[in-house]
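Here is how the chains run, residue by residue.
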Amino acid sequence: MLLDLKNLVWSKTDYQKFLVELDSLSDEKYRARAQKIVPTTYDLLGISMGQLKEIGKEISQGNPQEFLNVVGSENYEVIIVEGFVISNLKLSLLEFETYCDAYLAKANAWSICDMVVHFKQVKKFLPEFLDKVKEYLQSDNFWLQRTGLVFLLKFYNINEYRAEMLRLASAINSEEYYVQMAQAWLFSTAFPYDQEKIYQIISEDSKSKVAKLTVRRIKSLRHTTEAEKDKLTSLL
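Residues numbered from 1 in each chain as written. Predicted model: local features only at pLDDT ≥ 70, side-chain atom pairs only at ≥ 80, totals over all residues. Heavy atoms only, no water.

Section: helix α10 (residues 162-170)
Burial in α10 covers these residues: R162, M165, L166, L168 and A169. Axial view of α10: buried residues confined to an arc of 165°, hence all on one face. Among the structural elements, α8 (126-137), α9 (142-155), α11 (177-190) and α12 (195-204) are those in contact with the buried residues of α10. (Buried < 20%, exposed > 50% of the residue type's maximum accessible area, 1.4 Å probe, protein only. Helix = DSSP H or I, 4+ residues; strand = E, 2+ residues; numbered from the N terminus. Arc of directions from axis to C-beta. Contact = heavy atoms within 4.5 Å.)

This is the structure we're talking about:
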């Protein structure tokens, strides 16, 4: 970018200049490809994740809080940049949760939700942040439910929290595809660490869409053995 993102004060004028320059980076071929895999009502410019990550990094090295005070939802890419900026900050738990809530209020696509895998601050607040994750899981907003599941599978798939993670994920009963896919993703992520529990979860609800998606995903994993694939198939 031509703008010096590290030295902007992020006035309204600065932000408008940023939006203009962001638009100048759009690529029609990338945009067409993104439209096929990212269903969203936001305008899609067509900018690679690598470029957006670098932009977020540069903003984070300057005045990131000021950027977060003015950032809007003019297009999909500016929201992703917001996510990358948040991911780079050293924050208190309250600050982090406030930024998460503001960011996720804009979520209307799986990729906006899944950006939270970059929110490494969670590792610092694992027990405390679990309450916020539960809040997302219990929300009527299915995008927040998906985000809660993504937080779990990314940060809580460890010995201390795995049983609770699986309990929380199993308790969700949603007809929304993107929530079901996140549940299947979570169960498949846990499979190498607790196969018997995942077999149990599948067998207890074997006719569900989540069970079928989970089996399909685990069978697609490179390290799944033929014997494991056979057992998974037999559970449906």
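Side note on the packing of aromatic side chains
All chains considered together, the criterion is met by 15 aromatic pairs. Pairing W10 with F18 gives two aromatic rings, centres 5.4 Å apart and planes at 85°, and the pair type is edge-to-face. The burial state of W10 is the same as that of F18; both residues are buried. Consider the rings of F142 and W143, whose centres lie 4.6 Å apart with planes at 40°: the pair is tilted. The class of W143 is buried, set by a relative accessible area of 11%. In this structure an aromatic cluster arises from ring pairing among F96, Y103, F119, F129, Y136, F151 and F155. (Phe/Tyr/Trp six-rings, centres within 6.5 Å; stacked < 30°, edge-to-face > 60°.)

Examining the packing of helix α1 (residues 12-24) against helix α5 (residues 76-87)
Each packed pair of helices is defined by two parameters, the angle between the axes and the distance between the axes. The geometry of α1 relative to α5 is characterised by a closest axis approach of 10 Å and an angle of 115° between their N-to-C directions. By the criterion of interaxial angle, the relationship of α1 to α5 is roughly perpendicular. When you trace α1 past α5, the crossing you get is right-handed. Here α1 contributes Y15, F18, L19 and L22 to the contact with α5, which in turn contributes E77, V78 and V81. Residues of the contact of α1 with α5, tallied by class, amount to 6 nonpolar, no polar and 1 charged. (Axes fitted to C-alpha atoms, helices over the stretch in contact; angles between N-to-C directions. Parallel < 35°, antiparallel > 145°, perpendicular 65-115°, else oblique. Left-handed = near helix turned anticlockwise from the far one by under 90°. Nonpolar A, V, L, I, M, F, W, Y, C, P; charged D, E, K, R; others polar.)

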